Structure formats: C-alpha cells, structure tokens
Amino acid sequence: MKEDLIIKHTSCSHCGEPVESSSHSESFPIFCCQGCKTVYHLLKENNLCTYYDLDDSPGITIKNGLERKRFDYLIDKDVQNKLIDFKDSEIASSTFYIPNIHCTSCVWLLENLQKLDEGIVQGTVNFLKKRLSIIFDTSKTDLRNIVELLTTIGYEPNLKLVQLEEKEHQPIPRGLWLKLGVAGFCFGNIMLFSFPEYLNMSVSDSLDSFKIFFGALNIILATPVLIYSSSDYIKSAWAAISQKGINLDVPITIGIFALFGRSLYEILSGTGIGYFDSFAGFIFFLLIGKIVQKKTFDGLSFDRDYKSYLPISVLKLIDGKEQSVSVKTLEIGDEIVLRNNELVPCDSILQSDGALVDYSFITGESDPVTKLENDLIYAGGRIIGSQCRLLVTKKVAHSYLTQLWENDVLKSDESKDNRSLADRISPFFTSIVIGIAILSCLFWLYIDPSKAFTIFTAVLIVACPCALALSAPFTFGSATNILSLNGLFLKTVDGIQKLGSIDTIVFDKTGTITDSRKANITFHGYSLSKFEKELIIASTKSSTHPYSQKIYSYLNHTDVDLQELDFIEEINGKGIHAISGDSTIYVGSKNFIEESTGLDLGNNRSYQTSVHIAIDENYKGFFEFKNQLRNGLKELLNKLQSNYETHLLSGDNEKDAVQLSASFKGDENMHFNHSPQQKLTFIHDLSATNKILMIGDGLNDAGALKKSHFGISISDRTSSFSPACDAILDGDELKNLDNLIGFAKASNNIVNVSFGISLLYNITGLAFAVTGHLSPLVAAILMPLSSISIMFFTTVATRIKAKNKRLKIWV
Amino acid sequence: MGVIFFLILFSISVALIFLVAFFWAVRSGQFDDQYTPSVRILFDDKSSSPNNKTQTSKRDS
Amino acid sequence: MSVDTFHYDNKIVKNFGVATMIWGITGFLIGLIVALKFIWPDFLGFIPELSFGRLRPLHTNAVIFAFAGNAIFYGVYYSLPRLSKTPMWSKKLSKLHFWGWQTIIISAVATLPLGYTTSKEYAELEWPIDIAITFIWVVFGINMIMTIMKRREKHIYVAVWFYIATFVTVAVLHIVNSFEVPATFLKSYPVYAGVQDALVQWWYGHNAVAFFLTTPFLGIMYYFIPKASNRPIFSYRLSIVHFWSLIFIYIWAGPHHLLYTALPGWVQTLGTVFSLMLIAPSWGGMLNGLLTLRGAWDKVREDPVLKFMVVAITAYGMVTFEGPMLSIANVSAVAHYSDYIIAHVHNGALLWNGGLTFGMLYFITPRIYRTKLYSIKLANTHFWFATMGAIFYVIPMYWGGITQSLMWKSFTAEGFLTYPNFLETVLQIMPLYALRAFGGSLFIVGALIGVYNLIKTAKSGSLLEQEEAQAPALQDHGEDKTESWHRRLEGRPLKLTVLTVIAILIGGIVEYMPTALIDSNIPTIESVQPYTALEVEGRDIYIAEGCNNCHSQMIRPFRSETERYGEYSKAGEFVYDHPFLWGSKRTGPDLHRIGGKYPDSWHLRHMYDPNSTSPGSIMPAYPWLLEQDMDMESMPNRINALISVGVPYSTRYPEYAIGDMEFQAEKITQGLRENGFGTIEGVEITSDKKVIALIAYLQRLGTDITGENDPFDELPSSKKLSNVILEDE
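Model, not experiment: these values are computed from the prediction.

A. Fine view of a positive patch on the surface. All names here are of chain C. Together, Lys 11, Lys 91, Lys 92 and Lys 95 give the surface a local cluster of positive charge. The greatest single-element share of the positive patch, amounting to three residues, is contributed by helix H3 (residues 91-111). With respect to the secondary-structure elements, Lys 11 resides in helix H1 (residues 10-39).

B. Quick peek at the state of the cysteines. Residue and element names in this part refer to chain A. The final tally for this structure, using the stated rule, is zero disulfides over all chains. Free cysteine Cys 464: the closest other cysteine sulfur is in Cys 466, separated by 7.1 Å. Cys 464 gets classed as buried once you look at its relative accessible area, which sits at 5%. On the basis of relative accessible area, Cys 466 is assigned to the buried category, the value being 2%.

C. Main features of the pairing of strand E2 (residues 180-184) of chain C. Residues and elements named next belong to chain C. With four bridges connecting them, E2 and strand E3 (residues 187-190) associate as antiparallel partners. Bridge assignment links Val 181 to a residue of E3, and that residue is Tyr 189. The antiparallel pairing of E2 with E3 creates a hairpin that spans two residues between the two strands.

D. The arrangement of the pattern of salt bridges in detail. Considering all chains together, one arrives at 37 salt bridges over all chains under this definition. Here A:Asp508 makes a salt bridge to A:Lys679, at a shortest N to O gap of 3.1 Å. You can see A:Asp508 sitting in the loop between strand E15 (504-507) and helix H20 (509-513) and its partner A:Lys679 sitting in helix H26 (residues 676-686), a full 171 residues away along the chain. Take A:Asp508: its relative accessible area is 1%, and that puts it in the buried class. Note on A:Lys679: relative accessible area 0%, which makes it buried. Measuring nitrogen to oxygen at the nearest pair gives 3.6 Å for the salt bridge that ties C:Lys187 to C:Asp540.

E. Structural detail: the environment of A:Ser324. Residue and element names in this part refer to chain A. Within the secondary structure, Ser 324 sits in strand E6 (residues 321-326). Along the primary structure Ser 324 and Asp 76 are separated by 248 residues, whereas in three dimensions their C-alpha atoms are 9.5 Å apart. Apart from residues lying up to four places away in sequence, Ser 324 is in contact with Asp 72, Tyr 73, Ser 313, Val 314 and Leu 315.

F. Structural view of the sheet that holds strand E24 (residues 692-696) of chain A. Residue and element names in this part refer to chain A. The strand order across the open sheet built from seven strands is E14-E26-E25-E24-E15-E22-E23, with neighbouring strands paired in mixed fashion. Of all strands in the sheet, those with a lone pairing partner are strand E14 (488-490) and strand E23 (670-671), marking the two edges. Looking at chain direction, E15 and strand E22 (residues 645-649) are connected through four bridges and run parallel. When the sheet's bridge partners are listed, Phe 507 is paired in E22 with Leu 648.

G. Representation of the nonpolar core. Core analysis: the biggest nonpolar cluster contains 307 residues, and A:Phe279, A:Phe282, A:Phe507, A:Leu737, C:Trp101 and C:Trp244 have the highest contact counts within it. It is helix H1 (residues 2-27) of chain B that provides the largest number of residues to this core, a total of 19 residues. If near-sequence neighbours (up to four positions away) are discounted, C:Trp101 is found in contact with C:Phe65, C:Gly69, C:Asn70, C:Phe73, C:Leu96, C:Ile133, C:Ile136, C:Trp137 and C:Phe212. If you look at the next biggest cluster of nonpolar residues, it comprises 56 residues, including C:Ala533, C:Tyr649, C:Ile692 and C:Leu701.

Reading guide: rules and limits
Residues numbered from 1 in each chain as written. Chains lettered and ligands numbered in written order. Predicted model: local features only at pLDDT ≥ 70, side-chain atom pairs only at ≥ 80, totals over all residues. Heavy atoms only, no water. Patch = residues over 30% accessible without salt bridge, like charges linked within 9 Å, V, L, I, M, F, W, Y side chains within 5 Å. Areas by Shrake-Rupley, 256 points an atom, 1.4 Å probe, with all protein chains shown as cover. Salt bridge = Lys/Arg side-chain N within 4 Å of Asp/Glu carboxyl O. Lys, Arg positive; Asp, Glu negative; His and termini not counted. Charge placed at Lys NZ, Arg CZ, Asp CG, Glu CD. Helix = DSSP H or I, 4+ residues; strand = E, 2+ residues; numbered from the N terminus. Disulfide = S-S within 2.5 Å. Buried < 20%, exposed > 50% of the residue type's maximum accessible area, 1.4 Å probe, protein only. Pairing = 2+ DSSP bridges. Contact = heavy atoms within 4.5 Å. Core = buried A, V, L, I, M, F, W, Y, C linked by side-chain atoms within 4.5 Å.

What follows is the structure, given as structure tokens:
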C-alpha cells in the first residue's frame, strides 16, 4: 500500500510513465504529458474512473500529439465498406485490431465507449486477439469519429492497407469443436452400452433383449461419428488417393471403415456387439489431436507483407489544398505531402529543397541519408524532420518496394519437404499393413476359412495409426506452449520440426543483434562547460533528427535550465545553426561545420557516426554513436559458434565490424552493405547446402526470412509489426536462442520416440489380430490406452526436456 | 429389469438435450472468445456509484 | 438502442438469504439432536414425532432442500441477473418461487415427523408435496430461462450453464423417481418394485447429489471466486470443458450405490467405471478454482469470503476423489452400510456446500446492504469453528466406520464370527459418536456466530431493494449473423433429427413404461408371494417409523454377512416390495432374514424396551406401537393401489383385506397371550395395535425363499377365493 502511494507520486496517474517530479506539482493526480491529462479528464467527466481502479495506471501514454486530419480518409465510401463488416439501415458493425489492449481496464473502457460517444451502441473486446468490434448508429456517429475517439484515449486502431484487403479467419473452425463434441458424446455413451458385453452380460441373467437394444443404440450413436465427425479424414484421404499420393489419413480412413463395417456386420448378424466404442474413441482422440495442431497464437500478427507497412492514405495536393486520399489511387504526376515519420508510399521525386530520409526500413542502414531537391526517393523510405512535397513517379504497385516484394524467388513456395514425418512414412506403413492383412487372410483361408474375414478386418482395425497421428501434434503442441512461455511464438505448431533441423544461423545486425533502442554516446574533445551544454541542449531540443534527440536526452538533466535562443535554423541532413545572446553554435556533420565555420577539423578516422560541435568559431569536439549489442549476446554468439555455422548479414556499413569480428569467426562470415535483394540471394545460395535459421527484423530482411529454412523476426513489442516469418522472438529472450533451438531439437527426438511407442502398440495389436484373438474388449483397451499414453508421454517428456534446457515451463 | 431401458432412454434424452445446447452454443459463437468473458464478469455495472468503488479498491489493496 | 437502465431485485436475494440461514440453523440443530440420540437413545423421551427414525429424514431434507436449496436460489438470484445484465424475468414468479419453496419445506417439517414418508432417501416427501415441488421447480425454471433469453450480454457465462443443467436434470430426476400411485391422501406406492425401485432410487439419489449439491454450487464457485478475489478464473477454457464433460458423464454413475446388491453385476460395474471417470472433470474444476487464487493468498488470509471458499473447494476435491474410490467394489464392500459414508457426505455438506454458502452470505450481504461486514474477526471465528467442527465430525466417523465394518467382517481362527453380537460393534464406537456430536455442535456455534455477524451487518446498513444498473441493449448483429447462410443451415438437420429422436424417446417411454415394468416384475422365484393385508400394514408402519434408516434389508454375498444374517438376498425376493427397503446404513443389524428368527414375544418386548432383549442397545423404544391402533379402513384402497402397480392380488382381494387383517392379528395376539404376554407392564396387548402388524411383517421377512408355508393359508380370503394369487377369474 505505502509503496503504491510513492510510485503513484512519481509516475503518471494515467499511464504510469515516470514523471520528473520537479516539472510537476506533487499534487495527485499528476501526468507525464498533456495527452494523458486530457484523457484523464475526459474519463473523469464521463465518470469512467473505474478504469483506474481495475488496474494501476492502465493508460497508454499519449506522447505524440495527434493531427486530426489523419483520419479524413475514413469518410471515403470504399474505405468504409472495407472496414464495416455489417450494415443495415441504422446499425453498422466494424472490427478493429488494437495493439494497445493490454489489461482488464482496457476491456472495461472499450466496452463502455457508449458513455463517450452516444452513437456507439456496443463495443465487444476479444482480449487475446486484441480485437474490438463496435456496433454503432450511423445516424449519430461514423467510423471517423470512432477511430478518432479511440486514438484520443490511446487505443489507436491499426488500420493498414493489408487489413482493407483480406479479412482474417478463425484460428480453430467451430465445426471442429462440434465434431469433437459429437464424437465425445457418442464415445461416452457407446462405451456405456458396450460394457454389458465385456462383462458377459449375455451369459448372466437372461438379458438378450438388452443385447439387441444396446446394439441398436450403438449403431444409432456411431453413425453421426462416421458421417460427421470423421468426415475430414475421409475427405483428405480421398483427396490424397485421387492425386495418387498416400498421406497418414489413408490408413486412418481404412481403419475407420474397417471398424465401422465390421461392427455393423457383427451387430446385424448378431455375432457380437462390434467395436463401435473403439471406433468412436479413436475419432475422439484424433480430433483432439487435430485441435491441438490447429492451435495458433492470438494477438500476434504474422505474415504481414509490405502492404502492412504502407499507410492507407496520404495527403495529396489538389490545386494547392491538402486532401487525404487512399494511396492506391495515386497516379504518376500527383503531388503529395509527407510529414515527419511518414512513410513514402511510392517512388517519387523530392520537390522541397531538402529532406532527410531514413531507409533503415529497406536497407537496415540506421543513419538517415540526405536528399536534395529533385532526388529520387524510393518507396519505403521514412521522412525525418520537416514536412516535404514529393512528385509521384511510379504507382504504388510498380514502386521499388513492391518490385522487391514481387520478386519471384519469394513467390516460389519453398514447400519442398516440410511434409511431416508421419506423412512421409505413411505410404510404407499403409502398404505393410495391407500386406499383412492379405497374407494373414490367405493364411487363415488355408487353415480355417470361416475366420479369414474376421482376421482380415481385425488387422486393418488394430493397424489404425491413431497414436501415430497423435504423436506429432501433442509433442509440438506442448512444445509450442513452452516456447511461447519463453518468448518465442511460432506461427504453426509444426514449425518446431523445421526449427529443430537447422544447422546454420544468419543474423541481421541493426535491431537484431544490436538494440536499436539504445545506442551509447560518447563525447570526444574538450570538456564542455555547463553553459555550453545548455546551449547544445537548447539547439538540439527542437530538432527531429534522431541524433539531435539522442544528444538532447544524453545531456539533458533535471538541474539544467534552457538557454533562450534568439535564432535557430536546421539545414536538413547537414546540421543546426543557433544563436543565443552573443554566442553562436553549430551542431552537425564534419563538412557542415567546416563549411560554415571555415575550421579544419583534420581527419579523425572513425567509422562510427559522429556529430561535431563548434561554439563561437572554435571546435569543441564530437559525439560518437556506437551501436550497442543486446545484453548477453556476446556469450550467445560464442556458444552458438561451437554448434552452428553463424553469419552476420547486414545492410549496414562496416562500422561495427571490429566490435563483432570476434563473435563471427573473423570477417569472411560477416557480410555488410547488403541490399535486401542481395541478402535474399545470399540466403538462396547458402540454403543449397545448409538448413538456415535467419534472424532479422524489419522489411529489409523479409525476403531473407521467407527464403530461409526457418525465419525468426525479433520484436521488442509483441504488438509491433513483423515481416513474413515462421516465428516471432521477444528481443529480450534472444540470449536464450541456443536453449530454444536445443529444445526444438529435443522435441523432434521425442516425436520419433513416441512414433516408436505407437508402432509398438500397432505391432502388439497385430499380434492379437493375426492370431484371431482381437476381442472387442482387447481393442477397446488397446486403442484408448495407446492414445492416452502417447498424450501423457509427449507432454511429460517435453516438460522434462524444457526443464533441462532451463526454460520456463509454468506460467 | 425393464426399468434399465427407461433410465437409459431418459438419461440419453437429457444428454441429447445438452448436445443440442452444445451445438447452438458453438454455432452462435458462444465459445469463440474463451478468455474475455472471464474478465468481463469482474466489472460492476454501477461504475458511477462511489460506494462500489471504495469497495473494489479496498479489495484490490 | 442506446444504454438501458434497469434494476436488480435485491429483496428476493435477501429473502433467500434469510431463509438459508433460518433453515440452515434448523437443519443443523435437528442433526445435532439425532447425533445426541446415538449417545442417549432416550434423549427427548420417547415421543413418536421426535424419534430418530422420523427426525433423520427431516434432517437430510432440511439441510439438502431447505439449507442448500435456498442457498442455491440465493446465489442464482444474485448472480444470474448480473451475468445477464437484466433483472429476473418476472418479480411475480420470483415471489411465487420463494414462498412456494418455503411452503414445501414447511409441509415437509409437518409431514415427516408424523411418519408420512416414502422411505426413499432424499425423496421421502409424499405425493402431494412431490407435485408441489415439480410445479415450483418449473416456476423457477421458467423464470431463469426467460431471464437468460432477455439477457443483455451476448455470452452465456459458464456459471449460467451450470444453473441450466441443474434445472433440467433435477426436473427429469425428480419426475422419474416419483412415479407413484396414491393410496390415500398422504400414502402412495412407487410403480417400481424391489431391484428396479432400488436402481431408480439410486439413479436419482446419486444424481440428486450431482445436480443439486454439485452443479449449482460449481456455478456459484465460478461466479463468486473470481468476484471475491477480483481476478478472472484461472482458465476459462478449462471451465467450459469441465462443464460439458461433467454433463455428458455424471448421469451414469448412479449404480455405484448398489454394489454387491441383488442388482445385475454389469450394471454395478457400469456405475463403478463411470464413477471413476468422474475424477477427471471434478478435479479439473477444483484445480481451476484453486489456481484462480494463485498469487492472491495474501487476500485469502484477510478475506473470510475467500477463506470459506478455499476450504470449500479443497473439500470438493477430497470428496470427489473419495467418491470414485468408494465406488470401487472392494472399497465399497468395507465402507458401505457403515458410518464411513456418513463422514463422506458430511465432508461434502459441511465444507463444500456449507463453505460456499457462508462465503456467499459474507460476500453478498454487505453489498446489498451498502455497508461493510460488521466484524471480520467474528467471521474468522466462525470460519475456525466451522472448519474445526467439520474435522471433529468427519475424522471420528471415518475411523468409526472402518472400525465397525472390520469388526463385522472379522472371524476367529476357528472360523466363527469374532463379534457374533452386532451390539458389540456398536458399543465399540460409542466414544466416536460422542466426538461427532461435539464436532457438530462446534459447527452450529460457528453458524450462530455467523448469523449474528450478518444480522449486525444488515442492521448497520440499509437494504438497497432495487439496485440500479446500466447496460447497452444487446444488438445481435454479431458475427453469427454475418456468417454465410449455408453454414448456419448446416446445423439445422442435425438439431432437428436429435430433437425428434428425443421426442420419440420420451413418447415411447411414457407409453410403454407401465406394462413393461409390470411384466418384468414376474417372479423368478415361484415361492415368493405378495404380503398379506396385515403384513402390508406392518410394512407401512416400518416405513412410517423409518426403521430403514438404521436397518438394511439386503444381505450381501459375503461369508461375514451370510454367517451373521443368513442366506444372501436374491433379486427375485423383492418383486413385490413397493418401495424397496434395502436401506443404506446399518446402525442396527440387517433384517432381511429376521423372519422366524425370534418368537413374536421377543419382538414385542424389543419394541417396548430394546434393552430388555438386548442390553445396552441404542435403539429407541417404541412404546406407542403398543398403544396406537393400526389403520384398517384404508387397507382396501392401499391394496387397490398395490394392484395397480402390478402386485398380483385378486381384484376382489380388497373386499377381504380387512377380514384377513383381523384374523391374522387375532392369531398373533393369541399366541402372545398363550406365552404370557397378554400385557407388558400393565399395558394390555390387543389385536388392533400397530405392534401386531409390525410383528407380522417382521416375521414374514425373507421367509418366502424357503417356500415352506403359504402366507395366505387359512386366511379367510383364501377360503373364499380359491388360490387368489397370480390367476383370476
């Protein structure tokens, strides 16, 4: 409680971000920024303060003020139609993906929106999917208002081109649950009605009437299992056969029909009560396996292609007036306006006199490059600094970025051999089974023809690879759970198989092994006086250039007070020139200082990026920026080197080579200045000989990630974008990579072992079958036993392995 | 033991009734979101009443 | 369209709460009385209305239907509207439900001590009350279903599913188990006989526990645990699985109450297997409840609500593990008929149901009274009294149960029973009975503290009768509408077929039932015959006095039992038993082969003063049986009723019934006089006294199998109608 209070006083009441106490009065509530304050009061007025009771400071900080203009395009009819799922006269409903949903309070607030906008009828949150579906009254409000409202309270929906194009599907289809329900229901009851037979009811008190009764009931119950619950397997088997292939569903289907037909025959002919319980149970377990397999991770967005990076709309200049239009409507010759931090949607020519463009997105090069008037700017570049005008030279669809993406190497689906082990062995399996069946049939025809048919079917029944089909889904199922507990989220359960088989690891640099969030700054030169520092602070304060901001936050302490500037000018891509009182200051690149002051800074050989300072015509020195490795990474790289072939593949320049060469067996394994295309081809060539694990981030690695055997994209917020890849890895967990891979390999072994086990079951069963001892009871015991023991073994084994690898195995 | 017939039939009909319920529930998307409902029930409808709030916050701390 | 404002009805909630407390205390006190009667059989003297045999059913009914019942409605009427964001559908129905239920309870309190009972456990109430129950239950159902229909929250929370299951299943169980033919205003005979009746009764009995004492309380757990701890349930997905698996399996577990009885073997094994399966869902539920509180144990330490609920869940875990174990044949062989079962059920009742109920009371009362709990300290005191009380109750009874049952089964080296005299085994565990009573009183003291605390709490605040709430009207334009037409059509045929199947099933059952039942009552042992009129009267007295509460009539096929009681019981011997009287607890010895074991005079003396025949016996004395007259005039009606449920008397037998009674009674009294028992301590024994009929019945018990003497010989009727039985002109 006490602690609570203290925290409250030094952190924003809305979002919990730390607040410099000096700059705010101690009185509660306090805020880190104006945005938070507005939201707080907005909620207060509409007495929505429960928001703050449910969780401590649940809000989302509103650091960057928002420009209302941004959502104009939502008035556009065809945009609306794409965003609205359903609409009748008055009522419309629409669903948004909101990355910021993170706690109970979010759910509560978003489901009480009608108190903020009475046009909203109802909001429903799906927490895991971070999805908000809103039903609203079109006569009272519209999409734009809603989105703006959401943005003002810090829940900006994530509206991207890609979402406008395809609607996403349910992770596990409802049909599957229904099938499982029916199977489970029938399984339980059929078992009930099969008991009497096991307990030789018939010989006990004259209850033959029951035999008929139960037989009938069993048939009634088993039929829906056959025609409904097991339909998927039958269909897929049929599909496989009609394509002259054999997958695991073929032997399964054979088993299904053998079981059903044989049981039907026995009951109708009154020779027995058949194997319906085994049949239903078998389907039941298979379906459980299927559901586990279908497991996907809600809330994470995979498989975003370049479109998801592009904005939906852009400000277009139409006879001098800015108007927001959908980027797809851009034509060659259109003139568009981009603000700070906006992405260039299509290749175009700079109209303003200068601009700073950050291509890290495409090239990985973290330093912004300077563009001058009439320079060509490629799509995917991010404008930094003051807004600028551009002239469209290519439509979005034909821009560089798009071309890069449309690259056919990417198109060619590299589904060479990711068929599961189960599917690979099933042809042999099937043929062997059928072989045995026929042989034993012939054998018995010779010994005792009356038995032949029974034996034949019996073989087909016990050989049914139920446990086999369960091994992989269950191992991988529990393995994926463990991995996600440890920050590695796989797109599909089967991914583990691939991850486990890799032998080469390729790292991207910027943002992957180096932490883009923190680069460490060092100042080289004469020590700066307090006044000089304050000057630098004052002049860098307003600049949007990443380095200015880094310097600012590096020097800015609570005890400084800002110097008044009489004049300040930022020359894009060069530097800043400011005057305060009688002192002038220059902050910027080497040649900028040299040009403007005439000083000669000599030549200090530094690959590192540096920003130079000159005050009152004399040189003070320069700030140097070193990319910082993620912590624990050196150790990781060294560990990995011993077991895998490791490469560094960076679009960035060699500046960090020295720092890294130790970790990558010298320079031949470090490749710098690679364009996305080059990265892609590099992976392409290497994958001819090696199974590659590519680890990257950002669009520039997208191709490589997709091309590699297994692609992991690093993300520092699970809600942030990640290009097409097989898994997302939480940045802070990268240091565990070796354990994670090791665990994946272990899981693969577990699968093989459990295959072994289930095959043993089949063999035992066969032994019973060919000798003609497969009573319904034996079947009814063998089937569930095999399935359950496999489920048990796989789950336990994976947990143990995970423990050995020192991974979290419990929430 | 004729009564066994009836007990079984009665039991099955009950179970079947629930099977139908199960179908309805799944098809109408009752179980699409298997997490948020558990959070939703924690909210008191009377957000505005101060009384309630003191109580919740009491329980929180 | 926009936000609706509506009001939750807290008054009805409060009413059910009050009822819960009143009936709880009542039920506990009656329980304490019967517990004390174990130690001092003459406690409260020998007043018929307060005799053990009549109070015990009152105790069970009071705690199950009055205490737990009202608690369920208390929880439902509070949580359901809040989960559905709408008030209960109809205030009128709510009222009707409340007062109706209380009336039923009062009528139970009125009839059971007077000896109006069907003798079927947890279904003792006679037919008019059965009908009332059905009616009120349906009222509750309608009110609940309509509320759900009118809900403003699209999703139906898992707790509500449990409530629905409770309603549907209990309705079916109650109706099926109550098929009975009225003989007089407060006397009826079940259509089922013997083994069949036993099976139906325990199919009901078990599921009553399942769907009256378990599912509704699980619902309550799933609502109140998250609310009280202010954190979502550990895994909502798991809770959904929990519900459906429980629903699809529970209904089958009934027969495990009849292991080693005359029930067909395969039915017994069935019960066992399905009971074992139940561990999975039950423990799933328990863990889900407990894990919800992981990381919140500090809260648990402070909050009495959570304390009670945690103990409740733990108890649920124990009981649901014990249950399946008990349904394993060999375990049941030891535990059945002993006090072990008593311990088992009280473990569940006191801690699981009691714990959740008190937790609820402590949670809801401050809220609807807009105040804080009067005293946390007192609540904690209550908690400790309750827990300690339960422990002091349960442990001695487990111990005693096993001790006694092992004594029953033990043989000397020479192969004789070590304790041939049943009484020894009883006296052995008397101290434990005393401890049990002590534990019980602790629990009651706790409850009283609780009630005081709650009353004080209520006094300190004011009841918010109509609690205002707001919610947007439910718009059903969710994705289910947008999903394509064929996907929705898909489901239709399946649903339709299922529904029609159900319709056909039920139709067929109702039509075919009576005949089939009667057909299957045809004796498999020829020598077995219906009871004579006097024996029927004796049997009805046996039932009215609740003898079956302490005496079983089912000798299991163990040497220890055949040695002690005689030949084991066969299914065929019970075909005319409407209802069956197998009993479920042996406080006294089994009586199935009592017939002819002692002279009439022994029974006479034993009824008048048990200690005179068996010194130290804790059986209460039944002096009034020697004073009260038996009921002759209603006998023809009763015979008619028995005929209509398939007992093969001649349709003309009712005319001769009374004659038979007088004749046979006179004969017995004669015999007594000859042996010098014309009077006992000045009380004159006349042939119209109840005791005579009872003796007649006891002497007939289990004798048919020998086939030596025809009970109807030399009775007037048999002279008039030659060969009455089985065939008819």
